[in-house]
Structures are given as structure tokens and as C-alpha cells.
Amino acid sequence: YQPPADRLVRDQPVIDALQETVTDRPRIGFWKCYDRLRRTGHAWNHKRVHRVYCALRLNRVRRTKRRVPRRPRVPLEAPPTLNRTWALDFMHDALYDGRAFRVLNVLDQGNREALAIDVGFSLPSRRVLALLEELSALHGLPAALRLDNGPEFLATALTDWAERRGIQLDFIQPGKPAQNAFIERFNQTYRTEILDANAFSSLHEVRAVSDDWRRRYNFERPHESLGDVPPLTFLPRPTSILEYQAQLST
């Protein structure tokens, strides 16, 4: 049997022709290149040319708009009731060395209490579920979750988890962050007082400072929309008070 020819040698004429075509026109796409090759007398079929075109990394990534489902507008209600609606949202920042990290904030809309501030380099849907399970075991299940249309919140694992526990998912409309105004206002305060005010060198520092700030936010910091009292003074939560006392004793 005749040994197969080296593909690089066999495709060298196609490589030379493509490189000559894109030298003066580097932004043209594949079909423009192929049409020019055909007009100059080359008889290669489009499959072979496209294979070489991709091997040379000449193909450009086509930008596509992420499709998000249409959502009905859900009124933003905050009755003074615990565990009626928890609001969730992500934030982004970076350490001093440039490594990016994410923050997941969970807020009870009834008393504006910051239930959790989770920090990590990656916060996939399973991490979100683990946090919700922990908070539910500590404070009880919420009746609803108010979310945006991020991929972690659209994951099947989260929707199945909420359906099994009878929790309603209130998705805001795409591009309407004001429909999740309570958590957005909390994010602004957290970014101003913590993320923008500190240069962190590790996630451990971010978690330590955030946990201390969250306790002061819930127990000490006056909240204007609550009559200038802290969230847990406006509407106490026994589990949070017990947890706070246990942390002070240690």
C-alpha cells in the first residue's frame, strides 16, 4: 500500500492561496474567500477549503445575542413578613493581583436582612443550591425567590429544587434590574463600603470582612426605608439573633 501523503504537504496549495487572499483583506469571511478562489480558477470544493480555513484559525467568532425568555412583570412587594420573598443577585470584583471573583448576595425583602454573602472564584448553580439549602435549614423555606435571568438561576437544578419545595420563582424582565430594587440597593451599599473601600489579597479576607460587615448591617446600621432602624430591629428573626449571640460568645 502507498503510505498516505502528509496532509500539510497535500494542502499546501490551499494554504498558500488562502493566505494570499487574506493578506490584504484580513476581515473577510470564509465565503468571500472561497468565491475569490473560485474566480481565480481554483477547483477545490468548499469542504476542503473550509477545513484548511479553520485549521489556519482564520474563522471569526460570530457574536450572537443570548436569548432570554420573556417574563411577565411581577410587582415588587415587600410586606413586613419574614421568608415571604428572598432576593438573590451576583456581583463581580477582583483581588489586588487581578484575579476576578464573584459574590452572591441573598436578602430577605420583608426586613431587608442580609441573609448571606457568598464569595468564590466560581459560583455555579450547585453552589447556589447548597447556600439555599443551608439558609432554609437555618431560617425556614421562603415562599418565593426573586431572581434575574442569569444562567445559574435558569439552571434546571434550581428550578427542580424550587418545584419540589413549593417555592415560587419570580424572574424579573430582562434588562430591568429596577424590578429587583431591594437587592440592587443592597449591592450598591456593599460595593461602596466594602468592595471599593478595600484592596483584598485573598478570598479569605473578602469573606472575613464581608461577614463582619453583614452582622453590623443587620444589627447596627440604620436603614432609612425602615424608619432609621437596623433590619433586625425592625423585624427580628430569632435564628439570626441566636446566631449573632453565638458568634459574639466565641
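In short, a report on the structure. Throughout, residues of each chain are indexed from 1 in the direction in which the sequence is written. It should be noted that, the model being predicted, local features are given only for residues of pLDDT at least 70 and side-chain atom pairs only at 80 or more, the latter also being counted only at that level, while totals for whole chains, interfaces and linings use all residues. For side-chain calculations, the full set of non-hydrogen atoms in the structure is used, while hydrogens and water are omitted.

With respect to the overall build of the chain
Reasoning step 1: Only DSSP runs of H or I reaching four residues or more are called helices, and only runs of E reaching two or more are called strands; each is numbered from the N terminus. Within the chain, the regular secondary structure consists of eleven helices and five strands.
Reasoning step 2: For the radius of gyration, the atom set is restricted to C-alpha positions; the globular benchmark scales as 2.2 Å times the number of residues to the power 0.38. Taking 18 Å as the expected radius of gyration for a compact globule of 250 residues, we find that the chain reaches 27 Å, considerably beyond that expectation.
Reasoning step 3: If you line up the chain on its principal axes, its C-alpha atoms span 80 × 40 × 40 Å.
Reasoning step 4: Throughout, exposure labels follow a simple rule: accessible area from a 1.4 Å probe, protein chains only, divided by the maximum for the residue type, with under 20% read as buried, over 50% as exposed, and the rest as partly exposed. A burial count over the chain gives 39% of its 250 residues as buried.
Reasoning step 5: For the chain, the computed accessible surface area is about 15,100 Å², with 51% contributed by carbon and sulfur atoms.
Reasoning step 6: Under the counting rule used here, the positive set is Lys and Arg, the negative set is Asp and Glu, and His together with the chain ends is not counted. By convention, charge coordinates are those of NZ in Lys, CZ in Arg, CG in Asp, or CD in Glu. Positive and negative charge centroids in the chain, built from 39 and 30 side chains respectively, lie 12 Å apart. Residue-level accessible areas treat just the shown protein chains as cover; the underlying method is Shrake-Rupley with a 1.4 Å probe.

Side note on helix α7 (residues 156-164)
Reasoning step 1: Buried residues of α7: Leu158, Trp161 and Ala162, and no others. The buried residues of α7 occupy one face: seen down the axis, they fall within an arc of 95 degrees. Exposed residues lying more than 90 degrees from the buried face of α7 are Thr156, Glu163 and Arg164.
Reasoning step 2: Contact partners of the buried residues in α7: α5 (125-139), β4 (144-147), α6 (151-154) and β5 (168-171).
Reasoning step 3: Note on α7: the residue one or two positions beyond its end, Gly166, has a positive phi of about 70 degrees. The arc refers to the directions leading from the helix axis to the C-beta atoms. Should any heavy atoms of two residues lie within 4.5 Å, those residues are counted as being in contact.

Observations concerning the packing of aromatic side chains
Reasoning step 1: Stacked, tilted and edge-to-face are the three classes assigned to paired rings of Phe, Tyr and Trp, where Trp is represented by its six-membered ring and a pair needs centres within 6.5 Å; plane angles under 30 degrees give stacked, over 60 edge-to-face, the rest tilted. Evaluation of the coordinates by the stated rule reveals ten aromatic pairs.
Reasoning step 2: Between the aromatic rings of Phe30 and Trp31, the centroid separation amounts to 4.9 Å while the plane-to-plane angle is 65 degrees, which identifies the pairing as edge-to-face.
Reasoning step 3: Seen from their ring centres, Phe186 and Tyr217 are 5.1 Å apart, and the 85 degrees between their planes marks the pair as edge-to-face. Note that Phe186 is positioned in helix α8 (residues 181-195) and Tyr217 in helix α9 (residues 203-219), a separation of 31 residues in sequence.
Reasoning step 4: For Phe186, a relative accessible area of 2% translates into the label buried.
Reasoning step 5: Here Tyr217 falls in the buried class, since its relative accessible area comes to 5%.
Reasoning step 6: Aromatic rings pair up to connect Phe30, Trp31, Tyr34 and Tyr53 into one cluster.
Reasoning step 7: Any Lys NZ or Arg CZ found within 6 Å of a ring centre and within 35 degrees of that ring's normal is scored as a charge over the ring. Of note, Arg102 hangs over the ring of Phe90, and the distance from its end group to the ring centre comes to 4.2 Å.

Things to note about the sheet that holds strand β1 (residues 85-94)
Reasoning step 1: Only strands joined by at least two bridges in the DSSP assignment are considered to pair. Pairing is mixed in the open sheet, where five strands are placed in the order β3-β2-β1-β4-β5. One side of each edge strand has no neighbouring strand; the edge strands of this open sheet are β3 (113-120) and β5. The sheet shows a mean angle of 25 degrees between the axes of neighbouring strands, taken without regard to direction.
Reasoning step 2: In terms of strand pairing, β4 meets β5 through four bridges, oriented parallel. Bridge pairing in β5 links Leu145 to Leu169.
Reasoning step 3: The axes used here are C-alpha line fits, helices contributing only the stretch in contact, and every angle between their N-to-C directions lies in the interval 0 to 180 degrees. Packing of α5 onto the sheet brings it into contact with β1, β2 (100-108), β3 and β4, and relative to β3 it is tilted by some 150 degrees.

Let's talk about unusual backbone geometry
Reasoning step 1: With a phi angle near 60 degrees, Arg57 is a residue other than glycine that sits in the positive phi range.
Reasoning step 2: Positionally, Arg57 belongs in the loop between α4 (46-55) and β1.
Reasoning step 3: If you check the backbone angles, Asp228 has positive phi at about 60 degrees while not being a glycine.
Reasoning step 4: Mapped onto the secondary structure, Asp228 falls in the loop between α9 and α10 (231-234).

Some points on the pairing of β1
Reasoning step 1: Burial within β1 is extensive, with eight of its ten residues counted as buried.
Reasoning step 2: Two strands pair when backbone bridges link them, and β1 and β4 are joined in this way by three bridges, in the parallel orientation. Bridge pairing in β4 links Thr85 to Ala144.
Reasoning step 3: By the bridge criterion, nine bridges tie β1 to β2 in an arrangement that is antiparallel. Bridge pairing links Ala94 to Ala100 in β2.
Reasoning step 4: Counting the residues between successive antiparallel strands, the hairpin from β1 to β2 contains five residues, one of them, Gly98, with a positive phi of roughly 100 degrees.

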